[in-house]
Amino acid sequence: MIKNNKKLLAVLNGEKFKVPPVWLMRQAGRYLPEYKNTRVLAGGFLDLCYNPKLAAEVTLQPLNRFDLDGAILFADILLIPNALGLKLEFREGEGPILETVNDHSDVLKLLKTNAIHDTLSPVYDAVSLIKSKLNKNITLIGFAGSPWTVSTYMIEGRGSKDHQKTKMFLARNPESFNTLISKITDATVDYLSKQIEAGADVIKLFDSWAGSLPGSLVEKYSLKPMKEIAERLKEIFPYVQIIVFPRGVGPHYTKFSQIKAFDCVALDSNLPLIWAKDNVQNNIVVQGNLDPSFLVSGGEMMIEEILNIKKMFSNGGHIFNLGHGITPSADIKNVESLIATLHK
Ligand code: CP3
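Predicted model only: the values in this text are computed from it and were never measured.

Chemist: Is there a simple way to think about empty space enclosed by the protein in this case?
Modeler: Empty space among the atoms can be located by rolling a probe the size of a water molecule over them. Throughout the structure, instances matching the rule amount to one cavity of 30 Å³ or more. Quantified by volume, the largest cavity comes out at close to 110 Å³. As for the largest cavity, its lining consists of 13 residues, and the residues nearest its centre are F17, P20, F313, G316 and H318.

Chemist: Help me understand the sheet that holds strand β1 (residues 70-72) in this model?
Modeler: One key point about sheets: their strands pair by backbone hydrogen bonds, in either a parallel or an antiparallel sense. Reading across from one edge, β1-β4-β5-β6-β7-β8-β9 is the order of the seven strands in this open sheet, with parallel pairing throughout. Looking at the sheet topology across the chains shown, the edges are occupied by β1 and β9 (318-322). Neighbour to neighbour, the strand axes of the sheet diverge by 25° on average, direction disregarded.

Chemist: Quick question: what am I supposed to make of the packing of helix α10 (residues 174-198) against helix α11 (residues 215-236) here?
Modeler: The description of two helices packed together rests on the angle between their axes and the distance between the axes. Packing of α10 against α11 leaves a shortest axis separation of 10 Å and a crossing angle of 35°. Crossing of α10 against α11: the hand is right-handed. Contact residues: F177, N178, I181, T185, D186, T188, V189, L192, S193 and I196 in α10; Y221, P225, E228, I229, R232, L233 and I236 in α11. Among the residues forming the contact of α10 with α11, the class breakdown is ten nonpolar, four polar and three charged.

Chemist: Please clarify how the pattern of salt bridges should be interpreted in this entry.
Modeler: Here the idea is simple: oppositely charged side chains can pair when their charged atoms come close. Counted by the stated rule, this structure contains twelve salt bridges. Taking the shortest distance from any N to any O, the salt bridge between K6 and D201 comes out at 3.3 Å. In this pair, K6 is assigned in the segment before α1 (7-12) and D201 in the loop between α10 and β5 (202-207), connecting sequence segments 195 residues apart. Residue R232 pairs with E228 through a salt bridge whose shortest N-O separation is 2.8 Å. In this pair, R232 and E228 both sit in helix α11, four residues apart, roughly one turn of the helix. Linked through salt bridges whose partners overlap, the residues forming this network are K6, K131 and D201.

Chemist: Just checking my understanding: could you explain a negative patch on the surface for this structure?
Modeler: Where like charges cluster on the molecular surface, the negative patch consists of D291, E300, E304 and E305. Among the secondary structure elements, D291 is positioned in the loop between β8 (285-290) and α14 (294-297).

Chemist: What exactly am I supposed to notice about α10 here?
Modeler: In an α-helix, one turn spans 3.6 residues; hence positions three or four apart end up facing the same way. Taking 1.5 Å per residue as the helical rise, α10 with its 25 residues ought to reach 36 Å, and the 36 Å between its terminal C-alpha atoms agrees with that figure. Where α10 terminates, the next one or two residues include G199, which has phi positive at roughly 130°.

Chemist: Would you take a moment to explain the site of the ligand for this structure?
Modeler: Close to the ligand lie 22 residues; R30, Y35, R39, D76 and S208 are nearest. R30 places a polar side-chain atom, nitrogen or oxygen, 2.6 Å from an oxygen atom of the ligand. Contact between the ligand and S208: an oxygen atom at 2.5 Å from a side-chain N or O atom of the residue. About the coverage of the ligand: the protein hides 88% of its 870 Å² of free accessible area. Counting residues per element, the ones that place at least two in the shell around the ligand are α2 (33-42) and β3 (95-98). Looking at the shell around the ligand residue by residue, the class counts come to 14 nonpolar, four polar and four charged.

Criteria and thresholds
- Per chain, the residues get numbers from 1 upward, laid out in the order the sequence is written.
- Side-chain atom pairs in this predicted model are given and counted only at pLDDT of 80 or more, local residue features only at pLDDT of at least 70, and totals for whole chains, interfaces and linings cover all residues.
- With hydrogens and water set aside, each side-chain value is computed from the structure's full complement of heavy atoms.
- A cavity here means a set of 1 Å grid points, computed over protein atoms only, where a 1.4 Å probe fits but cannot escape. A pocket is an open set with protein on both sides within 12 Å along at least 5 of 7 lines, and lining residues have an atom within 4 Å of a point.
- Grid points are joined across faces, edges and corners, and a volume is the space filled by probe spheres set on the points.
- Strands are labelled as partners when DSSP assigns at least two bridges between them.
- Each helix corresponds to a stretch of at least 4 residues labelled H or I by DSSP, and each strand to a stretch of at least 2 residues labelled E; elements are numbered beginning at the N terminus.
- Between N-to-C directions, angles cover 0 to 180 degrees, with each direction set by a line fitted to C-alpha atoms, over the stretch in contact for helices.
- Whether a crossing is left-handed or right-handed is set by the direction in which the near helix is turned from the far one by less than a right angle, anticlockwise for left-handed and clockwise for right-handed.
- In what follows, residue pairs with any heavy atoms lying within 4.5 Å of each other are defined as contacts.
- As a working rule, the residues Ala, Val, Leu, Ile, Met, Phe, Trp, Tyr, Cys and Pro are called nonpolar, Asp, Glu, Lys and Arg charged, and the rest polar, with Gly in that last group.
- Basic side-chain nitrogens of Lys or Arg form a salt bridge, by our definition, when they fall within 4 Å of a carboxyl oxygen of Asp or Glu.
- Residues enter patches when their relative accessible area tops 30% and they take part in no salt bridge; the joining distance is 9 Å for like charges and 5 Å for the nonpolar side chains Val, Leu, Ile, Met, Phe, Trp and Tyr.
- Only the protein chains shown count as cover for residues, and all accessible areas are computed by the Shrake-Rupley method using a 1.4 Å probe.
- Just so you know, the count uses Lys and Arg for positive and Asp and Glu for negative, and it drops His and the chain ends.
- For charged residues, the charge sits on one atom: NZ in Lys, CZ in Arg, CG in Asp, CD in Glu.
- What a helix should span is 1.5 Å times the count of its residues minus one.
- Residue proximity to a molecule or strand is established when one non-hydrogen atom of the residue lies within 4 Å of it.
- We call two N or O atoms a polar contact when they sit within 3.5 Å, provided that within protein one can donate a hydrogen and the other can accept it, with sequence-adjacent residues counted only if both atoms are side-chain atoms.

This is the structure we're talking about:
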């Protein structure tokens, strides 16, 4: 076993601790006043993502406030479609608006994989800068979206509840859809390779919309492309640790926990803890899974939930986190109390 002074990385490598390492999905964000100030200074959300100095600054902001074990690169899963040639805009209060892929000719118009670095090189510079400033005990997490989740934004052009347009594309033009998935897969492998070369210790793949797939297609469109990315990365970087987040897949979570190329599975908040312990943590390190709404409400119920999660996963590998991203209305005092409760 590799002894490690980075607690989060150590847990991924099989070490156990009384107090689990902790970080929070979307820990740099709008619930922090200093984040909002830096975003204004940058000009907008995308300008912030493509400004290495300011992206490094916001990555480190939550670590200056809270005793966290991980820093996650500040960027977005939609930078890959942007780098593949699709126009991207983030409108205040509206979320992302992306130029869409509507048919096979649009898939073919996407730029070649090696062209993505023209757009994405500021992200790699941000990773190097963060690494140079980061305390040696903190694990640096790089990330990308999963091919399925990224494809939904490329086809819908924005967030969607039912992903009907994407499912229509998949059902009516399966070959074009498969070409799109492999284009995203190739670009993601190259993008993440550069993040690892720049200093990322761990990679997380966000499949935020995996739960929107019918059960019969989870393996083909959620699991398989992420497995390919993980295997290709590990061929180049055998020691890189990979966390996958197939949000909302319910009992399919077990299949993800059995894949050799994955090192950790991030749990959403819907999963019963005891089920997740017996059917996921039994096979792999787990991350999660406090419902982010507790960081808005706080109080005794939040404390109880935190202690239940900690206790349930205390015999196996566990990284404490939320079951989804922290919301803008989260109360900073509740984040402080979360960390204090874990350390008690
Ligand atoms: O702190 C961190 O976690 C690192 C940065 C990070 C962001 N987005 C910054 C961000 C990460 C890891 C992401 C991932 C991401 N982006 C996902 C997967 C995770 C998840 O939450 O399911 C998805 C689906 C996206 C796409 C995206 N980006 C949407 C749908 C939105 C709009 C919704 C919203 O919260 O406004 C974004 C914007 C975004 N990405 C913000 C941040 C901090 C808010 C933008 C702002 O500052 O106005």
